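Here's the letter readout for the chains.
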Amino acid sequence: MLSDRNDQQLVSRTERARRVAETYDGASGWERVGEYERVMRWRAAHTEGGAYAASRALGLPRGRIRPWFDGAKPHAQRAIETAARHGWLDAEPGSRAVEGLVVLHAWLLASGSIASETFVPSCVIGTDDPEGLLRAAFDAVGVPSRIVSGESDGRTAERRPSGSGGSHLGRFLAGVLGAPVGSKVGVSPAAVQWLESAPRSTRIRWSQTYTVRRGRSLEAGPDGFAVRLGGRCDAAYREAVLTVFGSVVDDAELTATADAVLLGPKAARRLRRVPTLPPQSADWDESPPSGNDQPSEPFAG
């Protein structure tokens, strides 16, 4: 049984920064950030010193740190600065920034991907999808986006970041929230298990986003509804998704199959709704969503 408290937090600021940095060459990405900070502190205290003096004082290769004296920064450092500038390092569940990340995370798992080489996220848009929600999620995290149309080559349209920070967003979604990178074959249950410590309101928003993007009515009857799971997932991932869904609806209304979670009538009515994002400065209080945070409309999929 997951908690209904609304004050759960993500990992600390430092841990978020470390996880983002480690998407660059593992532990060495975080080590470079530490070295860069040491060099900058040394430089601030020795305004007349240069790279050679810093190298000798700190025991770091001169060739590595020389560009930092000319304004260059490690890639991981730039990613962390992007995350800090947009509030991803400090914001907690209930804030507009984190809930935007939650929507993007759910959409990526349902029907999207993070490129393995560039870490740029792409979210597939179907004809019946609530594209306005996806656009609002990108806006909420501070990253401009655009639709890449697939009409010319017959591919499905996608929404992707259009400016700087797209790769950094993908690295945060992967490193901190566990979104898969590259192929989604065999998605780890860790991709959704972090939601177990999230507030109920956040789990509702994630579950509704996943459902409106991935769910389809069953032919057997008007009340049957199936939420297909992206990729060739294993039993552990199915159970993890089932746990999240079961924390916000009656789990007696849920059934896991080889590639889907089947929703009963009451669960379908609860989750087949397009969520909205909280206001920028909202004091989070969900019991259940209301006002600006009330799911806006049933999903007509």
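Reading the values: the criteria
Residues numbered from 1 in each chain as written. Predicted model: local features only at pLDDT ≥ 70, side-chain atom pairs only at ≥ 80, totals over all residues. Heavy atoms only, no water. Helix = DSSP H or I, 4+ residues; strand = E, 2+ residues; numbered from the N terminus. Buried < 20%, exposed > 50% of the residue type's maximum accessible area, 1.4 Å probe, protein only. Contact = heavy atoms within 4.5 Å. Areas by Shrake-Rupley, 256 points an atom, 1.4 Å probe, with all protein chains shown as cover. Core = buried A, V, L, I, M, F, W, Y, C linked by side-chain atoms within 4.5 Å. Phe/Tyr/Trp six-rings, centres within 6.5 Å; stacked < 30°, edge-to-face > 60°. Lys NZ or Arg CZ within 6 Å of the ring centre and 35° of its normal. Expected span 1.5 Å × (residues − 1). Pairing = 2+ DSSP bridges. Axes fitted to C-alpha atoms, helices over the stretch in contact; angles between N-to-C directions.

Draft legend 1. Main features of the overall build of the protein chain. Counting its regular elements, the protein chain contains twelve helices and ten strands. Burial statistics for the protein chain: of 301 residues in total, 50% are counted as buried. Summarising the internal contacts of the protein chain: among those between residues at least 6 apart in sequence, 64% fall at separations of at least 24. If you sum the accessible surface of the protein chain, you get close to 13800 Å²; carbon and sulfur atoms cover 47% of it.

Draft legend 2. Just the nonpolar core, in detail. With 72 residues, the main nonpolar core has L169, L173, W206, Y210, Y237, F245 and L263 as its most contacted residues. Discounting chain neighbours no more than four positions away, the residues touching L169 are W88, L101, L104, P121, F138, V141 and V143. Core analysis: the second largest hydrophobic core is formed by ten residues, Y36, V39, W42 and L60 among them.

Draft legend 3. Quick look at the packing of aromatic side chains. For the structure shown, the criterion picks out five aromatic pairs. Pairwise contacts between aromatic rings join W206, Y210 and F245 into one cluster. Over the aromatic face of Y24 sits the side chain of R171, whose NZ or CZ is 3.6 Å from the ring centroid. In this arrangement the basic side chain of R171 is found over the ring face of F119, its NZ or CZ atom lying 4.0 Å from the centre.

Draft legend 4. Structural view of unusual backbone geometry. Of note, D25 is a non-glycine position whose phi angle comes to about 55 degrees, a positive value. On the accessibility criterion, D25 (69% relative accessible area) is exposed. Although it is not a glycine, F119 sits at a positive phi angle of roughly 65 degrees. The topology assignment puts F119 in the loop between β1 (112–114) and β2 (121–124).

Draft legend 5. Structural context of helix α11 (residues 235–246). Across its twelve residues, α11 extends 16 Å between first and last C-alpha, which sits within 8% of the 16 Å expected from 1.5 Å per residue. Burial in α11 covers these residues: Y237, R238, A240, V241, L242, V244 and F245.

Draft legend 6. Focus on the sheet that holds strand β8 (residues 260–263). Read across the open sheet, the four strands follow the order β5-β6-β8-β7; overall the sheet is antiparallel. Each edge of the open sheet carries a strand with a single partner, namely β5 (215–217) and β7 (254–256). Here the average twist between neighbouring strands, direction ignored, is 25 degrees. In terms of strand pairing, β5 meets strand β6 (residues 225–228) through three bridges, oriented antiparallel. Paired with S217 across the strands is F225, a residue of β6. Sheet contacts for α11: β6, β7 and β8; angle to β7, the most-contacted strand, approximately 175 degrees.

Draft legend 7. Region of interest: the sheet that holds strand β3 (residues 145–148). Ordered in space as β1-β2-β4-β3, the four strands form an open sheet in which the pairing is antiparallel. A strand with exactly one partner marks an edge of an open sheet, and here the two such strands are β1 and β3. Neighbour-to-neighbour, the strand axes of this sheet turn through a mean angle of 20 degrees, independent of strand direction. One ladder, built from three bridges, connects β1 with β2; its direction is antiparallel. Within the sheet, the bridge partner assigned to S113 lies in β2 and is S122. Its contacts with the sheet put helix α6 (residues 96–111) on β1 and β2, and the angle it makes with β2 is roughly 65 degrees. Those strands touched by helix α7 (residues 131–140) are β2, β3 and β4 (158–161), and its axis lies near 5 degrees from that of β4.

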